[in-house]
Amino acid sequence: MGGPPLADGIDTEIQAMSPLPAQKTSGNSLWSLLVKRLLLGLLLLWAVSLVIFAGTQILPGDVATSMLGQQATPEAVASIRKELGLEQPAPIRYVKWLGAAVTGDFGRSYSNRQDIAKSIAPRLKNTLLLAAMAAVIAVPLSILLGILSVLYNGTWVDRTIGLVTLSAISLPEFFAGYLLIAYFSVAHFWLPSSATVSDAMPIGQRLVVMLLPCLTLVLAVLGHMMRMTRAALLNVMASPYIETALLKGLPWWRIVWKHALPNALSPIVNVVALNLAYLIVGVVVVEVIFVYPGMGQYLVDHVAKRDVPVVQAAGLVFAAVYILLNIVADMVSVLANPRLRHPR
Amino acid sequence: MPSHKTISNILQPTRRQLLQNAGLLSAALSAGGLMLPGSAGAQAATPVKGGHLILGLDTASSSDRLDPAFYTEAYMYTVGFQLFNTVLELGPDGKLIGALAESWEAATPDASKWVFKLKKGIQFHNGKELVAQDVVYSLNHHRGEKSSSGGKGQLLAVTDIQATDTHEVTVTLSAGNADFPAALVDYHMGIGPDGGDFDKGIGTGAFILEDFQPGVRALTKRNPNYWASDRAHVDSVETIAMSDATARMAALLSGQVHIINRVEPRALNLLSSRPGVQILRSQENTMFCFPMRVDAAPYDNVDLRLALKYAIDREELQKSLLVGTGAIGNDNPIASWNPYFAKDIPQRAYDADKAAFHFKKAGSPGGIQLSVSDNGFPGSVDAAQLFQASAAKAGITIDVERVPSDGYWDEVWLKKPFVASNWSVRPTADAMLSLIFQSEAPWNETAWRDEAFDKLLAAARVELDETKRKQIYHDLQVKLVDEGGELIPLFVDNLAAASEKVGGYVPVPGGGDLSGYRIAERAWLNA
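This report concerns the structure included in the present document. Not measured: the values here are computed from a predicted model.

**Brief notes about the overall build of chain A**
On a plain count of helices and strands, chain A comes out with 15 helices and zero strands. Every one of the 344 residues in chain A was classed for burial, and the buried ones make up 46%. Across chain A, the fraction of contacts at a sequence separation of at least 24, relative to all contacts at a separation of at least 6, is 74%.

Written out as structure tokens, the structure reads:
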């Protein structure tokens, strides 16, 4: 779409008018902001660790009695409590636990005596891999669909995109998963219905096996991100400077891409971050349906056994992921919109 | 798989009538037991060697361990029996057969001392030969103050275990028990090498561990030196954790796995109508019941208990809850495949007149409240409502109280006087009766306290004369059916499903699901 050479000149002019960075940005303030955010994140993580520890102490049922079940005699319970160091007061256990956790040592699982950090690592890797695969498809797709529905606002394209993504979001994940299984695995034998991945699997096969759970997740998060993109863009598109750009004869795609989108980015990035976090911490149901060995299933199994150290470790990891993703989202918003660097 | 459908349709009504006809019963049962598993053709065929068998099973957990002492569910039983053997096994007829032991006998007339002679030349996966000391070590793993093994209860009566020869183990009990050898078939009693770590999975089993990811999968390969030459047909076995029922069905239908467990009765028609699928049944492996506490009013009146036993429509429950699978119970906790099952007790049927008669005789008491949640047994809320309706026709008002599933076993069961409950059927009559009906049994859910009953039960335990023993168990069953507080409407089959390629399945009554969880070494894959 080659416009007349004049258009580019106008373009730069408009850029100066739009609130996008023209002024000299202070690199220092950006760095200090990042450091501040990271410190705040650490503080938050520490607070979360307190809450997690307190929460696991309040959980009804004691690990010793639930491990022994019907065979619980007072002596056996006492011996297990001693073995696990449960007879020490809670604050001392908290300090010991936190001290070890900071160095990456989450201790050993109560129920199967395995090193938790070692057991979590492959599970976390699997979860991150699935989330990344889903995100790589869902994020560009949803933004593209959002832009399309703004470009064709009010037409059948907009309405179709809205209808499809809204239906996808309204389907509970397990149902969407079952539908995909019924069609792709049971009816047509195209894709495997279960995704028991292992490290021995070649990467190509692994990706194929992960396709159905990935698609389910894409369907679950697509609508949310697409609608936020659309709403934020439409909001910006109503501003006077867009009208100016329009009156100056800029092509639509250029207005959207260069002028509207950067200003609408902040809410979009936040929603994307929220959905990414969801892809990592909230996918237990999808993991169960597709037999995918990720973090969610691991956590649920151990909650059922009152395996406190595992629950604590998983809680910390999830919290860290959430906080980190939110920091990244904040930083991206700030980069895209310098006004946010100077909060009033 | 047409065989399943036709057989079950023909068999169910026939069998129920036969239950009232003592003479033909055993014939019907043995026929049913053999034919039900599905493709009769596959059973008769000769084993095929080789192939990679994939199982998709429920109840795995990321906190699973390979140590048999910590097994609690079907998934680990099935993995465990690939790696470990027990001294004895349950045979397809519900009787004990030797596994690592070639023979066993009571060394004293009161059955308080038992001698087990081990087979020679059996090797562990690490090459070590099996000797008596390994068995002593492995059984002691479940004993003593410090042990937190799930098999501890089975060996509580054991006072001493000795290696009396290189291949002979002698077990001494604190009191006689003719059924003691049955304790050694328990899933927890896997035998590992002396001084070894059970979590390494080294046993004498048909398969050697390759990879174990708790809650994800287990991979094993065939043990070339396996002692049972007529078993272990496939080259390797993959046991995949699949906790979602629909996921298991989808995996079977799409050909990703060969065998799945825990098929829900209502999915049975759907599955059996698909080509290439066979249903694997383990007959009457679970008992569904409504225990009444006989020490609480109004259930302390035997006529009221009888009224309620007549007021439940067992056939209707079987039809709606089990979709025609399983069997109707007769308030007798001994399953019909058990050698000590009292065949001559007439089957109790729904009878509004008799129910009304006994209800009047009991003084038509009010306040009959049945407390249920689906934790009691799956479908127990529906069952209670059907029970309520059929009892109402006899003029008996049952108040169905729905209680939360959470904490059901802590707060409701053993506390409220009339609840729903279920039991896995135990392999021996003694295990079943002493579990629930002994005065001091912790799980005596009907508060059944009868000195004469306890004495007879103890007498049967040490009685080595089969005829006398049978008579005692018969009398105990009659007593429970006529007077007991346990209302047992249904016995449930364990249902599994397999691809039609799978051969070699044999049901093991009382041994649990999937050929007594030994499906991996029983099965073969037809081309």
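Now, onward.
**Side note on the nonpolar core**
The biggest cluster of nonpolar side chains holds 71 residues, and the ones touching the most others in it are Leu233(A), Leu271(B) and Ala497(B). Top element by residues in this core is helix α12 (residues 252–281) of chain A. It accounts for 11 residues. If near-sequence neighbours (up to four positions away) are discounted, Ala497(B) is found in contact with Leu252(B), His258(B), Ile259(B), Ile260(B), Val263(B), Leu271(B), Val277(B), Gln278(B), Ile279(B) and Leu280(B). Of all hydrophobic cores here, the second largest spans 67 residues; its members include Ala355(B), Phe359(B), Val419(B) and Leu476(B).

**Quick notes on helix α8 (residues 173–187) of chain A**
Its 15 residues give α8(A) an end-to-end C-alpha distance of 20 Å, which sits within 8% of 21 Å, the value for a rise of 1.5 Å per residue. At Ile181(A), α8(A) is deflected by roughly 30°, the largest bend along its length. Listed in full, the buried residues belonging to α8(A) are Glu173(A), Ala176(A), Gly177(A), Tyr178(A), Leu180(A), Ile181(A), Ser185(A) and Val186(A). Check the buried side of α8(A) and you find it contacts α10 (211–237), α12 and α13 (284–289) of chain A together with α6 (245–253) of chain B. Of the residues one or two after α8(A), Phe189(A) is the one with positive phi, at around 55°.

**Concerning the interface of chain A and chain B**
By convention, interface size is frequently given as the accessible area that disappears when the constituent parts associate. At the interface, 30 residues of chain A touch 31 residues of chain B. Across the chain A to chain B interface the summed buried area is about 2500 Å²; carbon plus sulfur atoms make up 52%. On inspection of chain A and its partner chain B, the count reaches zero salt bridges. Between the two partners, chain A and chain B, sit six residue pairs in polar contact (both at pLDDT 80 or more). Mapped by element, the contributors of at least two residues to the side of chain A that touches chain B are α4 (74–83), α8, α13 and α14 (295–304) of chain A.

**What about unusual backbone geometry?**
Residues and elements named next belong to chain B. Residue Pro 298 follows Ala 297 across a cis peptide bond; omega there is -5°. Summarising the element assignment, Pro 298 is placed in the loop between β12 (277–291) and α8 (302–311). For Ala 111, which is not glycine, the phi torsion reads 60° and is therefore positive. Along the polypeptide, Ala 111 turns up in the loop between β4 (101–106) and β5 (113–118). In this structure, Tyr 517 is a non-glycine residue whose phi angle is positive, near 65°.

**Overview of the pattern of salt bridges**
Residue and element names in this part refer to chain B. Enumeration over the complete set of coordinates arrives at 26 salt bridges over all chains. Put simply, Arg 266 and Glu 264 hold a salt bridge, and the shortest N to O gap is 3.0 Å. On the accessibility criterion, Glu 264 (32% relative accessible area) is partly exposed.

**A few points about the sheet that holds strand β6 (residues 158–165) of chain B**
Residue and element names in this part refer to chain B. Read from one edge to the other, the open sheet built from four strands follows the order β4-β5-β7-β6, with strand pairing classed as antiparallel. Only two strands of the sheet have a single partner each, and these edge strands are β4 and β6. The mean inter-strand angle of the sheet, taken between neighbouring strand axes irrespective of direction, is 20°. With five bridges joining them, β4 and β5 adopt antiparallel strand pairing. Pairing of Ser 103 across the sheet is with Lys 117, part of β5. Set on the sheet, helix α5 (residues 132–140) makes contact with β5, β6 and β7 (168–173); between it and β6 the angle comes to about 165°.

**Structural notes on the packing of helix α7 (residues 156–170) of chain A against α10(A)**
All names here are of chain A. Interaxial distance between α7 and α10 falls to 7 Å at its minimum, and their mutual angle equals 140°. Overall, the two elements α7 and α10 adopt an arrangement that is oblique. Along this stretch, α7 crosses α10, giving a crossing that reads as left-handed. Side by side, α7 and α10 meet where Asp 158, Ile 161, Gly 162, Thr 165, Leu 166, Ala 168 and Ile 169 of the first sit next to Leu 219, Ala 220, Leu 222, Gly 223, His 224, Met 226, Arg 227 and Arg 230 of the second.

**Remarks on the packing of aromatic side chains**
Residues and elements named next belong to chain B. Enumeration over the complete set of coordinates arrives at 25 aromatic pairs over all chains. Ring plane angle 5° and centroid distance 5.8 Å describe the contact between Tyr 137 and Phe 198, whose orientation is recorded as stacked. Of this pair, Tyr 137 sits in helix α5 while Phe 198 sits in the loop between β7 and β8 (207–213), and the two are 61 residues apart along the sequence. Phe 198 gets classed as buried once you look at its relative accessible area, which sits at 5%. Members of the aromatic cluster, connected to one another through ring pairs, are Phe 288, Phe 290, Tyr 299, Phe 377, Phe 387 and Phe 418. The side chain of Arg 65 reaches across the aromatic face of Phe 70, ending 4.0 Å from its centre.

**Let's talk about the environment of Gly516(B)**
All names here are of chain B. Tracing the backbone through its elements, the reader meets Gly 516 in helix α16 (residues 513–517). A relative accessible area of 5% means that Gly 516 is categorised as buried. Along the primary structure Gly 516 and Ser 499 are separated by 17 residues, whereas in three dimensions their C-alpha atoms are 19 Å apart. Discounting chain neighbours no more than four positions away, the residues touching Gly 516 are Phe 81, Val 508 and Gly 511.

**Comments concerning the environment of Ala277(A)**
Residue and element names in this part refer to chain A. Tracing the backbone shows Ala 277 in helix α12. With a relative accessible area of 1%, Ala 277 lands in the buried category. Measuring from C-alpha to C-alpha, the distance between Ala 277 and Leu 179 comes to 25 Å, with 98 residues separating the pair along the chain. Setting aside residues no more than four positions away along its own chain, Ala 277 makes contact with Gly 282, Tyr 322 and Leu 325.

**A word on the pairing of strand β1 (residues 52–57) of chain B**
Residue and element names in this part refer to chain B. Burial within β1 is extensive, with five of its six residues counted as buried. The pairing of β1 with strand β10 (residues 236–241) spans six bridges and is parallel. What sits directly across from Gly 56, in β10, is Ile 240. Sheet analysis places β1 next to strand β11 (residues 259–260), joined by two bridges and oriented parallel. Looking at the pairing, Gly 56 lines up with Ile 260 of β11.

What counts, and at which threshold
- Residues numbered from 1 in each chain as written.
- Chains lettered and ligands numbered in written order.
- Predicted model: local features only at pLDDT ≥ 70, side-chain atom pairs only at ≥ 80, totals over all residues.
- Heavy atoms only, no water.
- Helix = DSSP H or I, 4+ residues; strand = E, 2+ residues; numbered from the N terminus.
- Buried < 20%, exposed > 50% of the residue type's maximum accessible area, 1.4 Å probe, protein only.
- Contact = heavy atoms within 4.5 Å.
- Core = buried A, V, L, I, M, F, W, Y, C linked by side-chain atoms within 4.5 Å.
- Expected span 1.5 Å × (residues − 1).
- Bend = angle between axes of the 7 residues up to and from the residue.
- Buried area = accessible area lost by both parts, 1.4 Å probe.
- Salt bridge = Lys/Arg side-chain N within 4 Å of Asp/Glu carboxyl O.
- Polar contact = N/O pair within 3.5 Å; in protein donor to acceptor, adjacent residues only side chain to side chain.
- Pairing = 2+ DSSP bridges.
- Axes fitted to C-alpha atoms, helices over the stretch in contact; angles between N-to-C directions.
- Parallel < 35°, antiparallel > 145°, perpendicular 65-115°, else oblique.
- Left-handed = near helix turned anticlockwise from the far one by under 90°.
- Phe/Tyr/Trp six-rings, centres within 6.5 Å; stacked < 30°, edge-to-face > 60°.
- Lys NZ or Arg CZ within 6 Å of the ring centre and 35° of its normal.

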